[in-house]
Protein chains: 2
Amino acid sequence: MWKPYRYSHLTIHEQIVDWIKTRIGQGDWSVGTKLPTQRQLAVQFDVNRSTIQLALDELKADGLLESKVGSGVFVANNSWNMLLDRAQPNWHQHIESSIHKPNYHTIKLINKYEQLDDIIRLGTGELSPELLPTKQIELSLRSISLESKAIGYSSPQGSEKLRQILCQYLKKRGIETTPENILIVSGALQALQLIAMGLLEEGSIIFQEYPSYLNSVHPFQSAGMRMISVSRDAELTDKLRKLKGKRQSLFYCVPTLHNPTGDNWSLDERIGLYNVCKELQIPIIEDDVYHELLFESPLPAIKTFEKSGQVLYIGSVSKTLSPGLRIGWVVAPTPVIERLADIKMQTDYGSSAFSQEIVAYWFSSGLYEKHLIQLREQLKRRAAFVEDILERQFKEIASWKKSEGGFYIWLRFHEPIVNKALFLNLLKQNVLINPGYIYDTNDLHHIRLSYAYASIEELNRGLNVLLDLLTEIT
Amino acid sequence: MWKPYRYSHLTIHEQIVDWIKTRIGQGDWSVGTKLPTQRQLAVQFDVNRSTIQLALDELKADGLLESKVGSGVFVANNSWNMLLDRAQPNWHQHIESSIHKPNYHTIKLINKYEQLDDIIRLGTGELSPELLPTKQIELSLRSISLESKAIGYSSPQGSEKLRQILCQYLKKRGIETTPENILIVSGALQALQLIAMGLLEEGSIIFQEYPSYLNSVHPFQSAGMRMISVSRDAELTDKLRKLKGKRQSLFYCVPTLHNPTGDNWSLDERIGLYNVCKELQIPIIEDDVYHELLFESPLPAIKTFEKSGQVLYIGSVSKTLSPGLRIGWVVAPTPVIERLADIKMQTDYGSSAFSQEIVAYWFSSGLYEKHLIQLREQLKRRAAFVEDILERQFKEIASWKKSEGGFYIWLRFHEPIVNKALFLNLLKQNVLINPGYIYDTNDLHHIRLSYAYASIEELNRGLNVLLDLLTEIT
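Residues numbered from 1 in each chain as written. Chains lettered and ligands numbered in written order. Predicted model: local features only at pLDDT ≥ 70, side-chain atom pairs only at ≥ 80, totals over all residues. Heavy atoms only, no water.

Participant: Describe the overall build of chain A, and please don't skip the residues or the numbers.
Facilitator: Looking only at helices and strands, one finds 17 helices and 15 strands in chain A. The globule rule puts the C-alpha radius of gyration for 474 residues at 23 Å, and the 24 Å found for chain A is close to it. Counting only C-alpha atoms, chain A reaches 70 × 55 × 55 Å along its principal axes. Counting across all 474 residues of chain A, residues that qualify as buried make up 60%. Look at the contacts in chain A between residues 6 or more apart in sequence, and 72% of them connect residues 24 or more apart. (Helix = DSSP H or I, 4+ residues; strand = E, 2+ residues; numbered from the N terminus. Rg over C-alpha atoms; globule rule 2.2 N^0.38 Å. Buried < 20%, exposed > 50% of the residue type's maximum accessible area, 1.4 Å probe, protein only. Contact = heavy atoms within 4.5 Å.)

Participant: Break down the sheet that holds strand β4 (residues 182-185) of chain B for me, citing the residues and quoting the values.
Facilitator: All names here are of chain B. Spatially, seven strands are ordered β4-β10-β9-β8-β7-β5-β6 in an open sheet, and the strand pairing comes out mixed. Single-partner strands in this sheet number two, and they are β4 and β6 (226-230). Neighbour-to-neighbour, the strand axes of the sheet open up by a mean angle of 20°, direction not taken into account. Of the strand pairs in this sheet, strand β7 (residues 249-253) and strand β8 (residues 284-287) are connected by three bridges, and their pairing is parallel. Within β8, the position partnered with Y252 by the bridge is I285. In the packing of helix α8 (residues 160-171) onto the sheet, contacts are made with β4, β9 (311-316) and β10 (328-331), and the angle to β4 comes to roughly 110°. (Pairing = 2+ DSSP bridges. Axes fitted to C-alpha atoms, helices over the stretch in contact; angles between N-to-C directions.)

Participant: How would you summarise the relation of the copies chain A and chain B if you had to cite specific residues and measurements?
Facilitator: The transformation that overlays chain A on chain B combines an axial shift of 0.0 Å with a rotation of 180°, and the residual RMSD is 0.1 Å. Taken together, the rotation angle and the small translation identify this as a two-fold axis. The C-alpha atom lying nearest the rotation axis in chain A is that of R142 of chain A; the distance is 2.5 Å. When the interface residues of chain A are mapped onto chain B, 99% of them again lie at the interface, so the same face is used by both copies. (Least-squares fit on C-alpha atoms with pLDDT ≥ 70 in both.)

Participant: Residue-level account of helix α11 (residues 236-244) of chain B, with values.
Facilitator: Residue and element names in this part refer to chain B. Among the residues of α11, those classed as buried are L236, L240 and K244. Down the axis of α11, the buried side of the element spans an arc of 55°, and every buried residue falls inside it. Buried residues along α11 sit in contact with β5 (205-209), β6, β7 and α12 (267-280). One or two residues past the end of α11 sits G245, with phi positive at roughly 60°. (Arc of directions from axis to C-beta.)

Participant: Help me get a handle on the sheet that holds strand β5 (residues 205-209) of chain A, residues and values and all.
Facilitator: Residues and elements named next belong to chain A. Overall, mixed pairing links the seven strands, which are arranged β4-β10-β9-β8-β7-β5-β6 in an open sheet. Looking at strand neighbours, the two that pair on one side only are β4 (182-185) and β6 (226-230), the edges of this open sheet. With strand direction ignored, the average angle separating the axes of adjacent strands in the sheet is 20°. One ladder, built from four bridges, connects β4 with strand β10 (residues 328-331); its direction is antiparallel. Note that in β10 the partner of I182 across the bridge is V331.

Participant: Help me get a handle on the interface of chain A and chain B, residues and values and all.
Facilitator: If you look at the interface, chain A gives 93 residues, while chain B gives 93 residues. At the junction of chain A and chain B, the tally comes to 23 residue pairs in polar contact (both at pLDDT 80 or more). Those elements giving two or more residues to the side of chain A that touches chain B turn out to be α4 (79-86), α5 (90-98), α7 (134-141), α9 (188-199), β9 (311-316), α13 (334-348) and α14 (353-365) of chain A. Residue contributions to the side of chain A that touches chain B peak at ten residues, all from α13 of chain A. (Polar contact = N/O pair within 3.5 Å; in protein donor to acceptor, adjacent residues only side chain to side chain.)

Participant: Tell me about the pairing of strand β8 (residues 284-287) of chain A, and please be specific about residues and values.
Facilitator: Residues I284 and E286 of chain A point to one face of β8 of chain A and I285 and D287 of chain A to the other, with burial holding for every one of them. Taken together, strand β7 (residues 249-253) of chain A, helix α12 (residues 267-280) of chain A and β8 of chain A constitute a β-α-β crossover, and its handedness is right-handed. (Right-handed = clockwise from strand over helix to strand, strands pointing away.)

Participant: Which residues make up the environment of L379 of chain B, and what are the values?
Facilitator: Residue and element names in this part refer to chain B. Following the sequence through the fold, L379 ends up in helix α15 (residues 367-393). Taking relative accessible area as the criterion, L379 reaches 0% and is therefore assigned buried. Each C-alpha atom, one on L379 and one on A452, is 6.6 Å from the other, the two residues being 73 residues apart in sequence. The residues contacting L379, other than those within four sequence positions of it, are L127, L131, L293, F295, G406, F407, Y451 and A452.

Participant: Lay out the pattern of salt bridges in plain terms, naming residues and giving numbers.
Facilitator: Applying the stated criterion across every chain yields a total of 48 salt bridges over all chains. Between R142 of chain A and E138 of chain A there is a salt bridge, with its nearest N and O atoms 3.8 Å apart. Residue R142 of chain A is classed as partly exposed on the basis of its relative accessible area, which comes to 34%. In this structure E138 of chain A comes out as buried when scored by relative accessible area, which is 9%. A salt bridge links R241 of chain B to D238 of chain B; the shortest N-O distance between them is 3.9 Å. In this pair, R241 of chain B and D238 of chain B both sit in helix α11, three residues apart, roughly one turn of the helix. (Salt bridge = Lys/Arg side-chain N within 4 Å of Asp/Glu carboxyl O.)

Participant: Describe in detail the domain arrangement of chain A, supporting the description with residues and values.
Facilitator: Here the domain parsing of chain A yields domain 1 (12-87), domain 2 (100-130 + 371-473) and domain 3 (151-369). Summarising the inter-unit geometry, the C-alpha centres of domain 1 of chain A and domain 2 of chain A are found 35 Å apart. (Domains from an automatic or database assignment.)

Participant: Quick one: what's the story with the side chain of Q44 of chain B, residue by residue and with numbers?
Facilitator: Residue and element names in this part refer to chain B. Inspection of the secondary structure puts Q44 in helix α2 (residues 38-45). Here Q44 falls in the buried class, since its relative accessible area comes to 18%. Aside from chain neighbours lying at most four places away, what touches Q44 is M1, W2, K3 and W19.

Participant: Tell me what's going on with the packing of helix α8 (residues 160-171) of chain A against α14 of chain A, and back it up with residues and numbers.
Facilitator: Residue and element names in this part refer to chain A. Relative to each other, α8 and α14 sit at 35°, their axes nearing to 9 Å. Every pair of crossing elements has a handedness; the one defined by α8 and α14 is left-handed. Touching K161, L162, I165, L166 and Y169 of α8 are Q356, E357, V359, A360, F363 and S364, all from α14. Partitioned by chemical class, the residues of the contact of α8 with α14 number seven nonpolar, two polar and two charged. (Left-handed = near helix turned anticlockwise from the far one by under 90°. Nonpolar A, V, L, I, M, F, W, Y, C, P; charged D, E, K, R; others polar.)

Participant: Give me the lowdown on empty space enclosed by the protein, citing residues and values where you can.
Facilitator: Applying the stated criterion across every chain yields a total of six cavities of 30 Å³ or more. In this structure, the largest cavity encloses a volume near 70 Å³. Taken together, 14 residues make up the lining of the largest cavity; nearest its centre are S186 and S352 of chain A together with S186, S351 and S352 of chain B. (1 Å grid on protein atoms, 1.4 Å probe; cavity = no way out; pocket = protein on both sides within 12 Å on 5 of 7 lines; lining within 4 Å. Points joined across faces, edges and corners; volume = space filled by probe spheres on them.)

Participant: Which residues make up the confidence of the model for chain A, and what values go with them?
Facilitator: For chain A, per-residue confidence averages 88 on the pLDDT scale, and 92% of positions sit at 70 or higher. The model gives residues 86-100 of chain A a pLDDT under 50, and that stretch makes 42 contacts with residues more than four places away or in other chains. (pLDDT = per-residue confidence, 0-100.)

Participant: Describe the packing of aromatic side chains, with residues and values.
Facilitator: Residues and elements named next belong to chain A. Applying the stated criterion to the full structure yields 32 aromatic pairs over all chains. Chaining the aromatic ring pairs together yields one cluster made of Y169, W329, F363 and Y368. If you follow K68 out to its NZ or CZ, it ends over the ring of F74, 4.4 Å from the centre. (Phe/Tyr/Trp six-rings, centres within 6.5 Å; stacked < 30°, edge-to-face > 60°. Lys NZ or Arg CZ within 6 Å of the ring centre and 35° of its normal.)

Participant: Tell me what's going on with the pairing of β5 of chain A, and back it up with residues and numbers.
Facilitator: Strand residues, when the strand is regular, have side chains that alternate between the two faces of the sheet. Residues and elements named next belong to chain A. Most of β5 is tucked away: five of the five residues are buried. Neither face of β5 is exposed, since I205, F207 and E209 on one face and I206 and Q208 on the opposite face are all buried. In terms of strand pairing, β5 meets β6 through five bridges, oriented parallel. Its bridge partner being in β6, I205 is matched across the sheet by R226. Bridge count between β5 and β7: three bridges; the pairing is parallel. Bridged to I206 within β7 is L250.

Okay, here's the thing in structure tokens:
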């Protein structure tokens with residue numbers, strides 16, 4: 001008789017969920033089957049009833065099981081559930097099979113708990129509600145005038161007006177472009193999705209640094225692409241030469257305020273990557289959504305080195321103005337933009353015309369620049385606050401680099417203690433962290449600490465809960 | 001030596017484009033190859049130089065060829081183009097191989113020419129700029145108050161406030177539901193995309209009526225699903241029984257103001273479909289985006305017949321308030337909603353918070369209902385205007401049913417004259433139609449006439465150009 005294995009990398013209840021899913025999947029337990037009672041299952045598996053409860057709840061939430069009052073738990077039966085059972089879209093299979101399971105489960109838990117109100121979010125990569133210029137946006141709505149053509153179905157590349165304004169805006173970043181080379185997207189993540197769908201085939205290689213943000217959102221993994229992580233060091237050029245092979249490939253990078261580490265690539269590193277990628281004909285995706293949050297002036301974007309269209313550049317207002325706008329942009333050669341625009345039209349017929357109007361207004365009126373100055377000040381103050389706590393309380397057990405801007409401190413513990421148990425124990429105390437292993441499976445040393453989301457008081461409280469827990473463990 | 005075939009279903013220039021693509025694809029013409037001159041190609045293929053020009057222009061727009069001033073046309077070479085050449089994402093392959101080519105090409109032309117300003121659009125399924133309540137929306141922006149939480153990243157199912165308001169709104173349509181059973185989407189097309197990705201597998205069967213709107217947007221076809229068209233007649237039940245087999249399947253329908261025919265299903269037909277689908281466990285997608293545009297009161301939605309979650313219901317404000325909002329909704333059982341919400345979060349992190357606020361305000365303030373009353377009046381007047389022209393000028397050659405609401409008149413010509421040549425000849429005179437064959441490949445009798453988009457004056461002029469051309473032909 002099967003029993004959960006105590007030393008698995010999966011928790012007990014995850015093993016039970018898997019076991020029951022297998023029973024249903026293989027038809028051992030067909031639709032309508034009544035399950036053994038919780039007590040029977042607890043005895044059979046030699047676990048607590050609460051663990052059984054947790055597993056059954058998860059399966060019910062997935063629609064695989066249903067309770068009938070007074071008569072027990074059954075394998076659920078309705079038309080949709082049959083679809084839900086059987087439908088295994090490619091992307092889902094890819095994720096579930098390719099991503100390390102506890103990693104994937106942690107990300108699901110983070111997404112879930114971020115919705116709850118009484119959680120202290122120490123890792124959230126988002127501006128705190130108090131940092132959003134909510135009242136100013138509300139006021140600015142009064143000054144927006146609409147044209148009927150603008151609120152019909154969008155042209156495939158997005159509002160012409162906004163793309164014109166973006167050309168001016170990008171000039172300040174050193175990027176010379178035209179409206180024809182810009183695609184408006186619903187945030188940077190959508191840009192990555194469109195690239196995965198429109199430019200790559202299954203098995204294509206995506207090079208990335210490790211740790212990498214991509215491991216926590218997997219737009220490429222879910223489309224069946226192979227991720228290869230490389231370090232940004234003296235051997236990078238040789239490694240790319242060796243690894244590239246005949247497969248099509250792309251290099252994804254966040255050279256300015258890297259997510260999750262907060263690192264900034266040096267000018268030499270930027271030029272070096274550009275040169276080797278040009279030589280090997282590896283297109284570059286430069287994700288530049290954080291550059292306006294640098295406390296000092298940023299180094300030039302890689303996109304500024306070139307005219308040949310080697311670099312696809314991504315920007316967004318989600319990190320600076322409001323994620324709720326869902327507005328980002330891609331700058332690339334025209335054929336690439338047209339391909340991506342074509343797919344976007346087939347996906348959602350364009351981004352919200354109203355969001356595009358608001359962004360156009362904020363950029364052209366100068367409100368945006370004014371807001372950025374204040375925002376950087378506030379983030380700087382928050383960074384200093386957290387660094388002060390770290391300095392006083394975490395110095396013995398961890399190290400970190402002073403933040404140069406953005407949202408994050410990549411806190412490194414001397415001991416490999418940042419595992420799933422720590423994550424779950426903190427969750428029990430209503431503290432949510434982004435552990436390093438969601439950005440690099442083998443990393444048990446880091447936490448991505450965000451000083452941008454939680455309130456000052458919550459940051460203090462959350463870090464103390466973390467410290468207490470670590471003191472208990474060690 | 002290859003020459004284009006005069007009697008192919010493809011035009012001459014399409015055949016030449018295909019032939020050159022094959023040369024490049026097979027590596028006969030590798031990157032950097034100089035093409036023969038236009039004159040040489042014209043002689044070789046025995047066609048006009050203008051036809052060669054057209055083919056080369058299309059290939060340049062696709063990024064496969066490039067002109068170098070003074071030295072000729074070359075097979076293009078840059079990193080992105082190599083990706084563009086080789087990347088054949090599944091969905092694209094599916095479309096290009098499965099959809100009848102002239103059909104697909106016509107749709108591409110429609111999308112392209114709809115962007116131009118001096119085109120008379122006789123088929124566009126969109127409210128005319130003059131029917132959009134642009135000024136009222138602009139004014140309403142002044143009354144909207146924002147909360148910081150609402151303009152951060154959205155919860156997976158969309159704004160709680162809007163979902164609450166939608167429950168009230170749906171009650172008027174006879175649908176009782178809860179916020180947990182609603183997902184906010186960026187328009188109805190995104191709902192279909194999410195269903196294709198999240199609930200179905202390649203080879204699943206989608207039943208639809210013919211003609212069908214789905215043939216012109218192909219969200220399911222592009223995901224590898226099989227479309228089966230059935231007629232809504234006495235044999236429907238028997239046919240579904242026979243065709244269903246063991247594959248998973250769905251029935252997609254637009255029972256109220258069907259697109260493209262404008263038909264309304266009778267109450268018996270609605271109940272009949274519901275009963276057979278329930279018996280055969282075929283979930284139903286009810287696309288109800290047009291019901292508020294009926295000139296008389298609508299019949300109950302199929303969704304109102306049931307409590308078991310057999311029907312997935314789709315609504316939107318794109319046809320009534322503004323397509324630029326990109327806001328629609330899905331009503332379905334919770335596990336289905338959660339699955340779709342999960343995929344939506346991985347696609348675009350939710351719909352625009354600002355668009356959601358605007359829709360919430362319009363629904364809750366009563367502005368929306370007032371606007372609908374005026375809108376129906378204006379559409380009725382436009383329908384009467386077009387029907388009057390038809391009555392006076394098209395009676396001998398075509399037949400139609402008096403419009404009961406919405407945007408469309410499904411104009412049937414006695415002779416099978418609505419072919420691609422007619423479409424292209426009209427385009428030469430700046431008149432764009434939606435021919436029946438994009439909704440049903442074998443249909444050469446119909447045009448989907450829309451009285452909603454073009455101005456009254458353009459409707460008149462466009463119909464006269466059409467009539468003149470038909471008189472020339474026959």
